[in-house]
Amino acid sequence: MATPNHLGNHDHRSKELSQVLVLEPPPIMKLYGDQFLNDFQLLKAWESPLPLDQFLSIHAQSVKALLTPGRYPLTRNILQLIPSLQLVVTTSAGLNHIDLPEFQRRGIAIASAGDVYSEDVADMAVGLLIDVLRKISAADRYVRKGLWDTKAEFPLGSKLCSKRVGIVGLGSIGQEVAKRLQAFGCRIMYTSRNKKPFVSYPYYSNVLELAADIDVLIICCGLTEQTRHMINKDVMLALGKEGVVINIGRGPIIDEKELVQCLVQRELAGAGLDVFENEPHVPRELLTMDNVVLSPHRAVRTPETLAAMCEHVKGNLEAFFSNKPLLSPVMNI
Ligand SMILES: O=CC(=O)O
C-alpha cells in the first residue's frame, strides 16, 4: 500500500494536525510513559469517562493516525467511528487483530513493528527449544525440590546439534531462527506461502510433508484464516513420538486441544510455548508436564527491544506527519 500523501504542506503542520489517537496504551507506553511521543498530541481514549463510541464521535472525527497495541481488535465498527483515519501504527509483530480487507477498502495504511522484534523472538524460540531438549526448567525444579542428593534419577536430555528443524514461515523471525539454529549445527528446512529465492534451505509447499521429515517444528508465521489450526493432529502425528513443537507465533496456529492430547498420549516428545489459544488460559494438563516449557507471551519483552520500538513508533509517526515514506509499511494488505 502506498504511503498516505494527503497532508499537504507540512511546513504548516501544527499539533492539531499531529493528533494521534490511542485507544488503549501499548506495552511500550505502560513501561516508558508517553514522553517519547511528546511531539504529538495524544488523544487518550482510555482516560475518558465517556463510552468509547461517544468519545470517538466527539473527539476523533478529524484524527488521522492511530497507535494501537497488538491485541486491540481494529474492526469495521471502530473504523466507522474514525472517518478521517489514514494510518494505524501497531506495536505488535502480528496483524491478526486488524481487519485487513476493511483497511484495504478504506485505503488506510498500516505501519507494523517491522523487524524490530525479530531477534528477540528468535532468541526465545531457540531458548524454548534448548529448554525442552535439555530439560533446563525441569532440572531447575529438580534441584530446587532437593531431589539431587536423593536416588531420584534425572532423565537424559536430547542433543540439539544435527536436529532437523522445520520452520513454518520464513519471514524475518523465521530467518533469524534459521540463522541461529544453523550455527548450532541443525539442518534447516521450511515451509511458507512461497519459496524464498534467497535461501538454500529445502522448501516444502506442504506442512504435513515437512513434518514427516523433521525432528523439530518451529512456528514463526502470522495468524491468518489460512494458518488457523494449520498444525493439526495429522501434522503432529507426522512429526512423531520424538518430535518437538515450538510456538512463538500465535496460539491458534496450533490446534491446542489436539496438541494436549498428543502430549498426554506421548505422540509428541515435547513442546515449548510462548503463545496459547485463549491467553492467559493455559490448558491444565500442560502444567504438570516436564517435557513442556511454558512462557507467558514474553518473546518481545526486553528493555532493549521495547526502547527500539519507541523509536520505531515515533519514526513512523514522524514520517507520516511529514509526508515521508513510512519506516515499516505493511505491503499487500
Ligand atoms: O507477540 C507479540 C507481537 O505480535 O508483537
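The structure presented is a predicted model; accordingly, all values stated were derived computationally and were not measured.

### Digging into the overall build of the chain
Looking only at helices and strands, the chain features eleven helices and twelve strands. By principal-axis analysis of the C-alpha atoms, the chain measures approximately 75 × 45 × 30 Å. Counting across all 333 residues of the chain, residues that qualify as buried make up 50%. Sequence separation of 24 or more characterises 61% of the internal contacts of the chain that already satisfy a separation of 6 or more. As displayed, the chain offers around 16,600 Å² of accessible surface, 51% of which is attributable to carbon and sulfur atoms. Averaging the positions of the 35 positive and the 36 negative side-chain charges in the chain gives two centres separated by 2 Å.

### A look at the UniProt feature "domain: D-isomer specific 2-hydroxyacid dehydrogenase catalytic" (unreviewed entry) in the chain
UniProt records the feature "domain: D-isomer specific 2-hydroxyacid dehydrogenase catalytic" (unreviewed entry) for residues 46-330 in the present numbering. End C-alpha to end C-alpha, residues 46-330 measures 26 Å, and it is 35% helix and 13% strand.

### A few points about the layout of surface pockets
A probe matching the size of a water molecule, rolled over the atoms, marks out where space remains unfilled. Of the volumes computed, that of the second largest pocket is approximately 210 Å³. Taken together, 13 residues make up the lining of the second largest pocket; nearest its centre are Leu133, Ser158, Glu242, Val244 and Ala269. Its residues assigned to classes, the lining of the second largest pocket comprises five nonpolar, four polar and four charged.

### Concerning the pairing of strand 2 (residues 41-44)
Where a strand is regular, its side chains alternate between the two sheet faces. Pairing of strand 1 (residues 19-22) with strand 2 involves four bridges; the strand directions are parallel. If you follow leucine 21 over to strand 2, its bridge partner there is leucine 43. Regarding topology, helix 1 (residues 27-32) serves as the crossover connection from strand 1 to the parallel strand 2, and that connection is right-handed.

### Comments concerning the pattern of salt bridges
For the structure on display, the rule yields 13 salt bridges. With its nearest N and O atoms 3.7 Å apart, the salt bridge here joins arginine 228 to glutamate 225. Owing to a relative accessible area of 60%, glutamate 225 belongs among the exposed residues under this scheme. Each of the salt bridges in this network shares a partner with another, and the network as a whole consists of Arg76, Glu102, Arg105 and Arg106.

### Things to note about the packing of aromatic side chains
Tallied over the entire structure, the rule returns four aromatic pairs. Plain terms: the ring middles of phenylalanine 40 and phenylalanine 321 are 5.8 Å apart, the flat faces sit at 40 degrees to each other, and that makes the pair tilted. Placement of phenylalanine 40 in the loop between helix 1 and strand 2 and of phenylalanine 321 in helix 11 (residues 303-321) is noted, with a sequence separation of 281 residues between them. Taken together, a centroid distance of 5.2 Å and an interplanar angle of 50 degrees make the contact between tyrosine 190 and tyrosine 203 tilted. A residue pair is termed long-range when its members are at least 10 positions apart, and tyrosine 190 in strand 7 (residues 187-191) and tyrosine 203 in strand 8 (residues 203-204) qualify at 13 residues. The exposure class assigned to tyrosine 203 is partly exposed, which follows from its relative accessible area of 24%.

### As for the pairing of strand 6 (residues 164-168)
For strand 6, the tally of buried residues reaches four of five residues, placing the bulk of the element in the interior. As paired strands, strand 6 and strand 7 are joined by five bridges and run parallel to one another. Residue pairing in the sheet places valine 165 in a bridge with isoleucine 188 of strand 7. One crossover worth recording links strand 6 to the parallel strand 7 by way of helix 7 (residues 172-183), and it is right-handed. In this sheet, strand 9 (residues 216-219) lies alongside strand 6 in parallel orientation, the contact comprising four bridges. Bridged to glycine 166 within strand 9 is leucine 217.

Cut-offs and rules
Residues numbered from 1 in each chain as written. Predicted model: local features only at pLDDT ≥ 70, side-chain atom pairs only at ≥ 80, totals over all residues. Heavy atoms only, no water. Helix = DSSP H or I, 4+ residues; strand = E, 2+ residues; numbered from the N terminus. Buried < 20%, exposed > 50% of the residue type's maximum accessible area, 1.4 Å probe, protein only. Contact = heavy atoms within 4.5 Å. Areas by Shrake-Rupley, 256 points an atom, 1.4 Å probe, with all protein chains shown as cover. Lys, Arg positive; Asp, Glu negative; His and termini not counted. Charge placed at Lys NZ, Arg CZ, Asp CG, Glu CD. UniProt positions renumbered as here; feature names shortened; annotations may be inferred. 1 Å grid on protein atoms, 1.4 Å probe; cavity = no way out; pocket = protein on both sides within 12 Å on 5 of 7 lines; lining within 4 Å. Points joined across faces, edges and corners; volume = space filled by probe spheres on them. Nonpolar A, V, L, I, M, F, W, Y, C, P; charged D, E, K, R; others polar. Pairing = 2+ DSSP bridges. Right-handed = clockwise from strand over helix to strand, strands pointing away. Salt bridge = Lys/Arg side-chain N within 4 Å of Asp/Glu carboxyl O. Phe/Tyr/Trp six-rings, centres within 6.5 Å; stacked < 30°, edge-to-face > 60°.

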